[in-house]
Structures are given as C-alpha cells and as structure tokens.
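Structural description and commentary
Listed below, chain by chain, are the residues.
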Amino acid sequence: MSKKQTEELSKSKAKRQERQKEVSKAKRHKLIGKIVGIVVTVVIIAAIVAAVGLQIYKVATRTTTSSDFSAGLNEDGTIADIDVSKSITLADYENLVVPMSEVQATDEEVDSDINSTLSANQEVSDDSSLEIADGDKVNIDYVGTTDGEEFEGGSATGYDLTIGSNTFIDDFETQLIGHKPGEEVTVDVTFPEDYSTNTELAGKDASFAVTINGIYVTPELTDEFVQAHLSDQASTAEEYRQVVKDKFYKQHLEDYLTNYVDENSTVNSYPKAYLKNVKGLLKYDDEYTLSYYNQMFSQYGVDTYENVWDSKDGINNEIEYERDLTKRAKETVKTAMVYQAIYEKAGLSIDMDAYLADLTETNGEDYVNNMKTTYGTAYMAQTHMSAVHGIRSLPVRTAHPRAHSRGLPN
C-alpha cells in the first residue's frame, strides 16, 4: 500500500470515529433530555399533589362559623356529655393562703376611684372669687348677633361648656378664661369661610353677649357629701373609703384566684364537640370584628382586610389562623371546665328562675328576652355560674402583713 493510500485510509477512519462520537453524543443528549423531562414532570406532579393536598388539608381543618352560644351545654350551663372531675385535675386551692400584699387596694387606685366619684357629682358654684381656667366646665347664657341682629341657633340659656373642648368656633372659649361667675362678657368671633352649619354665617363677624352663671367645682369627700350622695353605701367619709378599699380587695383577690386556679389546673381531655363549637364562636366573633374594621376602613378609603387572619398580628395564613383558633378555644374551654369542676365539687346549684327574675327587674323584660334569643339560657347559666358560683366559692384565706386573715367578701 502506497503512502498516499495509507493517508486516505487514516482520514476515512478518523471521519468514521468522529461520526461515531457525534452519534454517541446525540444519543446522550437525547437520553438526558428524556431524564430531565421525566424529572420536570415528576416535580410538576408533586407540586400539583402538594397543592391539592394543602387545599384538602385546609378544607378538612377549616372551622365552621357558629353563633349558637348554647350548643354543647346542658340547661344548667354545664358542658354536656363529660365527667368534668375526670376531664380536668383542679389546682390544690383548699389550703391556699393568698398574700395580702398581692390583693390589697393601693392608695393610688382608691384615690382615683374616689376622685372619679367626686368629679361625677360636680356642682355649679356662683362664688365670685372663682376664676375660669382652661379645662373648667362652666354654665353660661349667651346671645349671638351679626350686624346687630340675632341669628338662628346663636342663643342658649344654662349651657354647660368645657373650656378647651373647642366646642365653639374660633377663640370663643379662651376669651372666657379669667372671668368670674356673675360677670357679663362680650365675646367677638369670626365664623370660618367654610362654615357649613349655617352657610349664611360663613366668614361673618359675630358678637356674643355671655353671662357666666357659675363654674362647676368638685366637692370634697366629707360626711355630708357621703350622706347626700352615697348613703346606700356608707354614712361617713371614712366608711366610704373602706367600701372602696374592699371593692378593690375583692377584685384583686378574684383575679389572683382566677389566675392561680387556671394556671395550676390540668386538662386531661377536652370535650371534642364543645371545643369545636367554641372554635366556631371565636371565628364568628373574629369575622364580626373583621366586618366592623372593613366598614370603618371603607369610609376613609383605606384598604380593607381580605381574610379574617389578615387582622391578626403575627398570623400570615389560614393554617396559622386555625392553630391560633384552636389555642384560644382550648383556653376558653379550660376556663369553663375549671368553673364547672369547682361548682360541682362544692355541690352548688343555680336558681335560674331567681336569676332571670333579678335580670328582668334590673334591666327589663325586653333585655332578658333579647339575651335569651342571642345566647340561649344554657349559655346564660354558664356565665352566671362562673361569675357567682365559681371563684367566689373557694375556701381561701388571705395572709395580712400583720397576721390578719380575711375571706373573700360577698
């Protein structure tokens, strides 16, 4: 074989080898393409399955809204179909001694409560030595004129006005500062250009002839004040102060006991049907709140919430909302179980006829009928049981710093 033939044979062999490489490469690419296609398909299918599964999970766990407050309750307010003594282990409260320092009234809250009572009984004083100051409530007569003529709606007698409330236009109120009861004052103002209450007055100057009848003053807590306004509670100032102290003591003690018993009691099993209904009630309340927010927002052109969980801090989706709903429902049901267990352990009972009669006497028959329609008598019994027969029935003592012991007042 000549040298030329040998070279041509080598070139031919090289071409065949190159074609074989290309064919092999094409086969590899085709195989890889098939594998990629299969993987992508599997991923898509998995995503679809996951999405469908998530949707099924949401539907399966989604709480149905309920507005039936008495569902799952017996007529006496107890939870139906459970032995509460086995379902919950109550805290050991029979030997509980509450530190008086935890529940006694503070001077600050007693003084604040008394001051609120005194402020609610302010009286008009015509003492000419008093001067009107910012924040005072005064009683005045006034007649308003524009161009020397009285205008409609510009006059009143015995009108109570709080200085600084900006109830009246311009600087009407500030012009009264420093004046005294019995004085007659001329107050000059200018109505705003956009005054819409009476467009005929918009932008006009006006003059008001004001007679200061008196300044409201806050009375002091004296025996005379107590006998005049609080005789159903006490006869002297000292007695009334003790009444207020006892009120806060009772409130603090109930709060302390409620927290203690709730925190130290253990739920062994929840009543599933009742828990489900409580979740529905909580969701009903959440949806009502959502509707209220959205109505309010829409009035001001603010974006509204799309979902009920959007209005909840720290909750981003329906699954998180359902978990939070379950947590809240369990807390509510636990509290109800605690009261019921205390109630049954003490052998107490509710006289619903007497309770409803008392409600009717206090609030009227229409109120009671509306309560029955909205909540049902079973739920009313449950709330009455927790308010009257629950914590207040506990045999507890309070340890006073000076070794004085007291029980929970009625």
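Above this text sits the structure in question.
This text gives an overview of the structure that appears in the document. All values derive from a computational prediction rather than experimental measurement.

On to unusual backbone geometry, then. Although it is not a glycine, aspartate 81 sits at a positive phi angle of roughly 60°. Take aspartate 81: it is sitting in the loop between helix 1 (3-61) and helix 2 (84-87). Backbone geometry places aspartate 147, a non-glycine residue, at a positive phi of 55°. As for its position among the elements, aspartate 147 is in the loop between strand 4 (137-146) and strand 5 (149-162).

All right, on to the pairing of strand 6 (residues 184-190) then. With burial as the criterion, only one face of strand 6 is covered, namely that bearing Val185, Val187 and Val189; the residues Glu184, Thr186, Asp188 and Thr190 on the opposite face remain uncovered. The sheet contact formed by strand 6 and strand 7 (residues 205-217) spans 7 bridges and is antiparallel. Its bridge partner lying in strand 7, valine 187 is registered against phenylalanine 208.

Relative to the 40 Å expected for 28 residues at 1.5 Å per residue, helix 6 (residues 237-264) spans 40 Å between its end C-alpha atoms, a close match to the ideal helical length. Every buried residue of helix 6 is listed here: Ala237, Tyr240, Val244, Phe248, Tyr249, His252, Leu253, Glu254, Leu257 and Val261.

Core analysis: the largest hydrophobic core is formed by 26 residues, its most contacted members being Ile88, Leu90 and Met337. At the level of secondary structure, the elements contributing two or more residues to this core comprise helix 7 (272-299) and helix 8 (318-345). In terms of residue count, helix 8 provides more of this core than any other element does, 9 residues in total. Once you skip the residues sitting within four places of it in the chain, leucine 90 turns out to touch Val261, Asn264, Ser265, Val338, Ala341, Ile342 and Lys345. Counting residues in hydrophobic clusters, the runner-up holds 22 residues, among them Leu176, Val185, Val187 and Val210.

A complete count under the given rule lists 9 salt bridges for this structure. Lysine 312 serves as the salt-bridge partner of aspartate 286, at 2.9 Å between the closest nitrogen and oxygen. Here aspartate 286, found in helix 7, pairs with lysine 312, found in the loop between helix 7 and helix 8; they are 26 residues apart in sequence, far enough to count as distant. Aspartate 286 sits in the buried class, given a relative accessible area of 5%. The salt bridge partner of aspartate 286 is arginine 328, with a shortest N-O separation of 2.7 Å. Of this pair, aspartate 286 sits in helix 7 while arginine 328 sits in helix 8, and the two are 42 residues apart along the sequence. Taken as a pair, aspartate 286 and arginine 328 share a single burial class, namely buried. Look at the salt bridges and you will find they share partners, linking Asp286, Lys312, Asp324 and Arg328 into a network.

What counts, and where the lines are drawn
Residues numbered from 1 in each chain as written. Predicted model: local features only at pLDDT ≥ 70, side-chain atom pairs only at ≥ 80, totals over all residues. Heavy atoms only, no water. Helix = DSSP H or I, 4+ residues; strand = E, 2+ residues; numbered from the N terminus. Buried < 20%, exposed > 50% of the residue type's maximum accessible area, 1.4 Å probe, protein only. Pairing = 2+ DSSP bridges. Expected span 1.5 Å × (residues − 1). Core = buried A, V, L, I, M, F, W, Y, C linked by side-chain atoms within 4.5 Å. Contact = heavy atoms within 4.5 Å. Salt bridge = Lys/Arg side-chain N within 4 Å of Asp/Glu carboxyl O.

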